[in-house]
Amino acid sequence: MLRAVYPGSFDPVTSGHLDIIERAANVFDGVVVAVAVNMEKKPLFTVEERVEMLRSACGHLRNVQVDYFGGLLVDYVEKQQARVVVKGLRAISDFEFELQMALMNKRLNENVETLFMMTSAEHSFLSSGMVKELAEFGVTLTGLVPPCVEQKLTDKIEKTKREAQR
Ligand code: PNS
């Protein structure tokens, strides 16, 4: 059984993430999509909300499970009895930081391999940050995020704006 962990912030999951998850699910026997807790970035969605959106988006994939983790990724990968970390790569701009993380993870645990999957061309420009910005400007997000995320993101942005006005 070859299991892989696909880690990330997923704040929120985009169609680009889902594309990587679907393709990883075709390659590995099992894929654990793992939402990172304790991020330095201040996320828009709580961990529970991010996990819930991922579970809805991945409902059609029988060999995919969604979880969350704190602490070091390599420790979580070992706990999951996996040996592979899957990451998506969009542009050259992703490469430098991803290389740094892959090398550090290798140093922390030499048994863990990081495998990169190239993004599909239609998602190469997509990021959670950009999707959030578009939502703030009221742009329709159809196709950019899974359908279950569309309304949740719009509602969250509205709520955040209301709270900021108080
Ligand atoms: O979606 P992101 O924000 O690019 O994901 C980054 C993530 C969560 C994969 C990365 O920050 C991570 O692995 N965090 C866990 C803490 C850790 O293991 N740090 C050392 C890795 S160099």
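For the structure itself, look to the data block above.
Residues numbered from 1 in each chain as written. Predicted model: local features only at pLDDT ≥ 70, side-chain atom pairs only at ≥ 80, totals over all residues. Heavy atoms only, no water.

1. Section: the state of the cysteines
Disulfide: a covalent bond connecting the sulfur atoms of a pair of cysteines. Throughout the structure, instances matching the rule amount to 0 disulfides. We note that cysteine 58 lacks a disulfide partner, and the nearest cysteine sulfur, in cysteine 148, lies 8.6 Å from it. For cysteine 58, a relative accessible area of 4% corresponds to the buried category. (Disulfide = S-S within 2.5 Å. Buried < 20%, exposed > 50% of the residue type's maximum accessible area, 1.4 Å probe, protein only.)

2. Notes on the site of the ligand
The ligand sits among 14 residues. The nearest are Gly8, Ser9, Lys41, Leu73 and Asn105. Contacts to the ligand include serine 9, whose side-chain N or O atom sits 2.5 Å from an oxygen atom. Here an oxygen atom of the ligand and a backbone polar atom of leucine 73 are 2.8 Å apart. Bound to the protein, the ligand loses 74% of the 550 Å² it would expose on its own. Within the residue set of the shell around the ligand, elements represented by two or more residues are β1 (3-8) and α4 (92-108). Residue contributions to the shell around the ligand peak at 3 residues, all from α4. (Near = heavy atom within 4 Å. Polar contact = N/O pair within 3.5 Å; in protein donor to acceptor, adjacent residues only side chain to side chain. Areas by Shrake-Rupley, 256 points an atom, 1.4 Å probe, with all protein chains shown as cover. Helix = DSSP H or I, 4+ residues; strand = E, 2+ residues; numbered from the N terminus.)

3. Observations concerning the pattern of salt bridges
All told, the structure shown has 8 salt bridges when counted by the stated rule. Put simply, lysine 132 and aspartate 11 hold a salt bridge, and the shortest N to O gap is 2.8 Å. Separated by 121 residues along the polypeptide, lysine 132 in helix α5 (residues 128-136) and aspartate 11 in the loop between β1 and α1 (15-27) bring together distant segments of the chain. You can call aspartate 11 buried: its relative accessible area is 6%. As a salt-bridge pair, aspartate 94 and arginine 90 come within 3.0 Å of each other at their nearest N and O atoms. (Salt bridge = Lys/Arg side-chain N within 4 Å of Asp/Glu carboxyl O.)

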